[in-house]
Amino acid sequence: MTARTHITPAQARRIALAAQGFHEGRPDAATKRHVSRVLQRSHLLQIDSVNVLVRAHYMPLFSRIGSYDRGLLEKIAYHPKKREAFEYWGHEASLIRLDLQPLFRWRMERAARGEGTYGGLARFGREKRAFIEEVRREIEARGPIGAGELSIGGKGQGSWWGWSDGKRALEWLFWAGGVTTATRRGFERLYDLPERVLPSEILSVPTPSAEEAQRELLRLSIRALGIASERCLRDYFRLEPKDAKARIPELVEAGDLVPVTVEGWGPVYLDPQAKIPRRVEARALVSPFDPIVWERTRTERLFDFRYRIEIYTPAEKREFGYYCLPFVLGERIVARVDLKADRAAGNLIVHSIHPEAAVQPEEIAPALGEELRLMAEWLNLGSITAPKAWRKRLQV
């Protein structure tokens, strides 16, 4: 793209949406190639245990490519010989592109030294080295196995998520790169040694320095974001502020980040290869764990949309609902939709719909109705229940 120093707010929105693939039409029939392309573009998919609608890592694919076979993502993530991803701490717990594994070894090395991880886990690592090594040897002898199958794991306690010492040891090893996720049983991780899970051609890639790995992660971040502040850039792969502050000037000097201004936003950087579509005609329900809304201050600046997940808010204090999904229509976020999948009854429950200020229900209802019907079909739910005031509008 031609050099520029000022980006309008509307252009910034289109850049951000295009960087995440929302400017492209959905395929008629999504294939493994489409699933892989989403992962290639976003670099990782956040994993979260909340399953009120569908697990977090499945949803960004639906938002971009529509209905697809979730088994395709399972193969990409966990196929014993053809996997394209691995689990590690990227943006929180994540499925990350397999070829990026060398870029996270510096984080593993820091975790092994007790740095960059939870304080309690770091302390456990210092105090229980011999026990952790026993657990590693058991994984070596028996893996892949779950935490509950360890012979020396012990029972969970009431505190710290109820983790047993065996689970703590496995999580320490996972942070430090001593074990990885071979597959999952339901949502439970099954751990094994990296050399038995990851391809030798990945493990044999030379380990870059921490500085070069951080630079590359920031390059990947701006590619996935299109336009971003320093805070947004470091948030994508959860880099420490001091690391990002050291690397960003280096990337500016190299031309990998282009400083620009956007009205109402502080210092901002542009991907030199960013696309600025003339218009974006998106239609997508996006999860709270979607990269387009990860960094909430960025979401507010780009879309004038203040977004907070209310899962941990007491029911009586919730403003919009337990699991509210932003609804993207065109180039705007136009509503919040509180959804639940009642799998036993085969029903998609629409608890509530909250249009944004100045957005009329009639303006969004036809597109939202189509999206809800597509989601119900994707999740194998035969019916949709919506608030009475919306049923006729949505045609559900």
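The shown structure was predicted, so the numbers you read here are calculated from the model rather than taken from an experiment. Just so you know, the residues in each chain are numbered from 1, in the order the chain's sequence is written. With the structure being a predicted model, the display of local features is reserved for residues of pLDDT at least 70 and the display and counting of side-chain atom pairs for 80 or more, all residues being used for whole-chain, interface and lining totals. In computing side-chain properties, one takes all heavy atoms of the structure into account and sets aside hydrogens as well as water.

Trainee: Run through the overall build of the protein chain, naming residues and quoting values.
Mentor: Secondary structure elements follow DSSP: runs of H or I of four or more residues count as helices, runs of E of two or more count as strands, with numbering from the N terminus. Within the protein chain, the regular secondary structure consists of 16 helices and 14 strands. In this treatment the radius of gyration is a C-alpha quantity, and the globule benchmark scales as 2.2 Å times the residue count to the 0.38 power. Its C-alpha atoms give the protein chain a radius of gyration of 22 Å, near enough to 21 Å, the size a compact globule of 396 residues would have. Dimensions of the protein chain, computed from C-alpha atoms along their principal axes, come out at roughly 65 × 55 × 40 Å. Contacts spanning at least 24 positions in sequence make up 64% of the contacts within the protein chain whose residues lie at least 6 apart. Only the protein chains shown count as cover for residues, and all accessible areas are computed by the Shrake-Rupley method using a 1.4 Å probe. For the protein chain, the exposed surface amounts to about 17800 Å²; the carbon and sulfur share of it is 49%. Looking at the protein chain, you have 63 positive and 52 negative side-chain charges, and the mean spots of the two groups are 2 Å apart. Any two residues whose heavy atoms approach within 4.5 Å at even a single point are treated as in contact. Neither His nor the chain ends contribute to the count of charged residues, in which Lys and Arg are positive and Asp and Glu negative. For charged residues, the charge sits on one atom: NZ in Lys, CZ in Arg, CG in Asp, CD in Glu.

Trainee: For the sheet that holds strand 7 (residues 227-228), give the residues involved together with the corresponding values.
Mentor: Overall, mixed pairing links the four strands, which are arranged 1-8-9-7 in an open sheet. Sheet topology places strand 1 (6-7) and strand 7 at the edges, where each strand pairs with a single neighbour. In this description, strands pair whenever DSSP reports at least two bridges between them. The sheet contact formed by strand 7 and strand 9 (residues 268-270) spans two bridges and is antiparallel. The residue bridging Ile227 from the neighbouring strand is Leu270, located in strand 9.

Trainee: Can you tell me about the sheet that holds strand 3 (residues 85-90), naming the residues and giving the values?
Mentor: The strand order across the open sheet built from three strands is 2-4-3, with neighbouring strands paired in antiparallel fashion. Of all strands in the sheet, those with a lone pairing partner are strand 2 (44-46) and strand 3, marking the two edges. Averaged over all adjacent pairs, the angle separating strand axes in this sheet is 30°, with direction ignored. As defined by bridge partners, strand 3 adjoins strand 4 (residues 92-97) across six bridges and the pair is classed as antiparallel. Paired with Tyr88 across the two strands is Ser94, which belongs to strand 4. All axes here are fitted lines through C-alpha atoms, helices being fitted over the stretch that makes contact, and every angle between N-to-C directions spans 0 to 180 degrees.

Trainee: Could you give an account of the nonpolar core, with specific residues and numbers?
Mentor: Take the buried Ala, Val, Leu, Ile, Met, Phe, Trp, Tyr and Cys residues and link them wherever side-chain atoms come within 4.5 Å; each set so joined is a nonpolar core. Buried residues are those whose accessible area, probed at 1.4 Å on protein chains only, stays under 20% of the maximum for their type, while exposed residues exceed 50% and partly exposed ones sit between those limits. Of all hydrophobic cores here, the largest spans 133 residues; its most connected members are Leu53, Tyr68, Phe104, Leu285, Leu339 and Met375. Per-element tally for this core: the top contributor is helix 15 (residues 361-378), with eight residues. Excluding residues within four positions of it along the chain, Leu53 makes contact with Tyr323, Leu325, Leu339, Lys340, Ala341, Arg343, Leu348, Met375 and Leu379.

Trainee: Residue-level account of the pattern of salt bridges, with values.
Mentor: A side-chain nitrogen of Lys or Arg and a carboxyl oxygen of Asp or Glu constitute a salt bridge if their distance falls within 4 Å. Taken as a whole, this structure holds 38 salt bridges when the rule is applied. Residues Glu171 and Lys167 are paired through a salt bridge, measuring 2.9 Å at the closest nitrogen-oxygen approach. Here Glu171 pairs with Lys167, and both are found in helix 8 (residues 165-176), just four residues apart, close to one helical turn. For Arg393, the salt bridge is made with Glu362, and the minimal N-O distance between the two is 3.3 Å. You can see Arg393 sitting in helix 16 (residues 388-394) and its partner Glu362 sitting in helix 15, a full 31 residues away along the chain.

Trainee: Before we move on, can you summarise the packing of aromatic side chains with the specific residues and values?
Mentor: Ring pairs shown here join Phe, Tyr and Trp side chains whose ring centres sit within 6.5 Å, with only the six-membered ring taken for Trp; geometry is labelled stacked below 30 degrees between planes, edge-to-face above 60, and tilted in between. On inspection of all chains with the given rule, the structure shows 14 aromatic pairs. Pairing Phe124 with Phe131 gives two aromatic rings, centres 6.5 Å apart and planes at 90°, and the pair type is edge-to-face. Taken individually, Phe124 and Phe131 each receive the classification buried, so the pair is uniform in this respect. Between the NZ or CZ atom of Arg26 and the centre of the ring of Phe62, over which it lies, the distance is 5.6 Å. For a lysine, the NZ atom is tested; for an arginine, the CZ atom; a charge sits over a ring if that atom is within 6 Å of the ring centre and within 35 degrees of the ring normal. Over the ring of Phe187 we find Arg55, and its NZ or CZ is 4.1 Å from the ring centre.

Trainee: Outline the side chain of Ser221, listing residues and values.
Mentor: The topology assignment puts Ser221 in helix 11 (residues 210-225). For Ser221, a relative accessible area of 0% puts it in the buried group. In contact with Ser221, not counting residues within four places along its chain, are Leu233, Tyr236 and Phe237.

Trainee: Describe the packing of helix 6 (residues 119-127) against helix 7 (residues 129-142), naming the residues involved and giving the relevant values.
Mentor: Helix 7 packs onto helix 6 with a crossing angle of 90° between their chain directions and a minimal axis gap of 5 Å. Judged by the angle between their axes, helix 6 and helix 7 are roughly perpendicular. Touching Phe124, Gly125, Arg126 and Glu127 of helix 6 are Arg129, Phe131 and Ile132, all from helix 7. Tallied by class, the residues present in the contact of helix 6 with helix 7 amount to three nonpolar, one polar and three charged. In this scheme, roughly parallel covers angles under 35 degrees and roughly antiparallel covers those over 145, while 65 to 115 is roughly perpendicular and the rest are oblique. Any residue that is not Ala, Val, Leu, Ile, Met, Phe, Trp, Tyr, Cys, Pro, Asp, Glu, Lys or Arg is counted as polar, Gly included; the first ten are nonpolar and the last four charged.

Trainee: Tell me what's going on with unusual backbone geometry, and back it up with residues and numbers.
Mentor: Between Gly143 and the following residue, Pro144, the backbone shows a cis peptide bond with an omega angle of 5°. Examined against the element boundaries, Pro144 turns out to sit in the loop between helix 7 and helix 8. For Glu92, which is not glycine, the phi torsion reads 60° and is therefore positive. Assignment of secondary structure puts Glu92 in strand 4. Despite not being glycine, Asp304 has its phi angle at roughly 50°, a positive value. Structurally, the position occupied by Asp304 is in the loop between helix 14 (296-303) and strand 11 (324-330).

Trainee: Would you mind going over the pairing of strand 11 in detail, with residue names and values included?
Mentor: Taking burial as the measure, the seven residues of strand 11 include six buried ones, the bulk of the element. In this sheet, strand 11 lies alongside strand 10 (residues 282-285) in antiparallel orientation, the contact comprising four bridges. Its bridge partner lying in strand 11, Arg283 is registered against Leu329. Inspection of the sheet shows strand 11 paired to strand 12 (residues 332-342) by six bridges, in the antiparallel sense.

Trainee: Could you give an account of the packing of helix 6 against helix 8, with specific residues and numbers?
Mentor: Contact geometry of helix 6 with helix 8 gives a least axis separation of 10 Å together with a crossing angle of 100°. One way to sum up the angle between helix 6 and helix 8 is to call them roughly perpendicular. Residues Leu121, Phe124 and Gly125 of helix 6 form the contact with helix 8, whose participating residues are Asp165, Arg168, Ala169, Glu171, Trp172 and Trp175. Of the residues in the contact of helix 6 with helix 8, the class split is five nonpolar, one polar and three charged.

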